[in-house]
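# Architecture at a glance
Here's the letter readout for the chains.
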Amino acid sequence: MARSTFTRGTVAALSAVALFALGACSSEQAGGTAEPTGAAEEGGSGDETIAIGFSQVGAESGWRAANTKSIQDTLTAENGFDLSFSDAQQKQENQIQAIRSYIAQGVDVIAFSPVVETGWDPVLQEAKSAGIPVVLTDRAVDSEDDTLYESFIGSDFVLEGEMAGEWAAEQYDGEGFQVVELQGTTGSAPAIDRKEGFATAIEGTDLEIIDSQTGNFTRTEGKQVMEGFLQKYDDIDLVFAHNDDMGLGAIEAIEAAGMVPGEDIKIITIDAVKDGMQALADGKINYIVECNPLLGPDLADIAKKVVAGEEVEKRIVVKDEAFDQEAAIEALPTREY
Ligand code: AHR
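Anyway, here's the lowdown on the structure attached to this text. (Residues numbered from 1 in each chain as written. Predicted model: local features only at pLDDT ≥ 70, side-chain atom pairs only at ≥ 80, totals over all residues. Heavy atoms only, no water.)

## Re the pattern of salt bridges
Rules: The working definition used for a salt bridge is a side-chain nitrogen of Lys or Arg within 4 Å of a carboxyl oxygen of Asp or Glu. Counting from the N terminus, the helices are the DSSP runs of H or I reaching at least four residues and the strands are the DSSP runs of E reaching at least two.
Summed over the entire model, instances satisfying the criterion amount to 15 salt bridges. Across the salt bridge formed by Lys69 and Asp73, the nearest N and O atoms sit 2.6 Å from each other. Remark: Asp73 and Lys69 occur in helix α3 (residues 62-74); sequence separation between them is four residues, near one turn of the helix. Between Glu255 and Lys284 there is a salt bridge, and its shortest N-O distance comes to 2.9 Å. Here Lys284 lies in the loop between α10 (274-281) and β10 (287-290) and Glu255 lies in helix α9 (residues 244-256), a separation of 29 residues in the sequence. Each of Glu60, Arg64, Asp138 and Arg139 takes part in a single network of salt bridges with overlapping partners.

In structure tokens:
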């Protein structure tokens, strides 16, 4: 924690004064749900608590719940952390507010999973000027300046989309399949990258994406969008959903329309959380590409290193598997999330 302590403390104090002068009061008001869980202890013993502010995307999916649990279970007082956690409810402005609140508090590290890719440079520059290192988890930012963050820990979303598309092509090329796509949150890294990866993988096959709309990574919106697709088209063969939750919503819509998911309409999703894996084991989903949400341990490791002033890898790629129905049945009993 020796690194930049003076600069951080000084800038934090100035930021706090500025916020007060502007009438922005408590951290709760400034950062939505950003509430410090305790003061960071700073001393000379070398075993100080690391104050870390984490701005989460929201609570939109089973994946997000597992990711939040991993972070909260790992960044504990026993592990040397004082975690301030905030839920941005899928809104970029809430994340920006939370980050500003963490800067004003003078935390040692800020971590966040950006709801969308663009628009982060100004607030990241503020953190940099305050001497507070930033670690990205799960989702990337689209910035030309990679000095604005220390490290990015997360899956390769393009690869996930490719894995989904390659399996679809292996199974169904030659059958003239009509595909509908349920996209994740518009402008988010997983939505952009999974779309690109899938499209690349099915290029040159006779699978055709006939429609593609956002279901915002939620079960409710996935269901609504699928209902719309079913009203519009009577010849859908395959759903590619950017996450399990939207796929599960699509299952509900398909069943309500009197069809059998996994048979009449095939379904491929991404995440491999428990509910998705159960639907795969039950034959309602045909294939799932995993996106591992257990990012807490890597974040703890990187946070400790950056605070100690050690070099860290700029990009830590989390490895993902893929599951067909047999593999899901085998994996389910010991599945952690
Ligand atoms: O960024 C990861 C994605 O966000 C997950 O695939 C999805 O379920 C979540 O909402």
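## Examining the sheet that holds β10
We apply this condition: Being paired, for any two strands, means DSSP has found at least two bridges between them. The contact definition used throughout considers only heavy atoms, calling two residues in contact when any of these lie within 4.5 Å. Comment: axis = line fitted to C-alpha atoms, over the contacting stretch for helices; angle = value between 0 and 180 degrees taken between N-to-C directions.
The six strands are arranged β7-β6-β8-β9-β10-β12 in an open sheet whose pairing can be described as mixed. The open sheet is flanked by β7 (208-214) and β12 (322-323), the only strands paired with a single partner. Sheet topology note: the β10/β12 ladder contains two bridges and is antiparallel. The residue bridging Ile288 from the neighbouring strand is Phe323, located in β12. Its contacts with the sheet put α9 on β6 (178-183), β8 (238-241), β9 (266-271) and β10, and the angle it makes with β9 is roughly 155°.

## Here's the deal with the site of the ligand
The condition is simple: Nearness of a residue to a molecule or strand requires only that one of the residue's heavy atoms be within 4 Å of it. Pairs of N or O atoms within 3.5 Å make up the polar contacts considered here, provided that, within protein, one atom can donate a hydrogen while the other can accept it, and that residues adjacent in sequence are counted only when both atoms are side-chain atoms. Areas reported as accessible are Shrake-Rupley estimates using a 1.4 Å probe. Residue values count occlusion only from the protein chains shown. Note on residue classes: Ala, Val, Leu, Ile, Met, Phe, Trp, Tyr, Cys and Pro are nonpolar, Asp, Glu, Lys and Arg are charged, and everything else, Gly too, is polar.
The environment of the ligand is formed by Glu60, Ser61, Trp63, Arg64, Asp138, Arg139, Phe157, Pro190, Arg194, Phe217, Asn243 and Asp271. A distance of 2.8 Å separates an oxygen atom of the ligand from a polar atom in the side chain of Arg194. Note that an oxygen atom of the ligand is positioned 2.9 Å from one of the side-chain N or O atoms of Asn243. Relative to its unbound accessible area of 290 Å², the ligand is 100% covered by the protein chains. Within the residue set of the shell around the ligand, elements represented by two or more residues are α3 and α7 (189-202). Of the residues contributing to the shell around the ligand, the split by class is four nonpolar, two polar and six charged.

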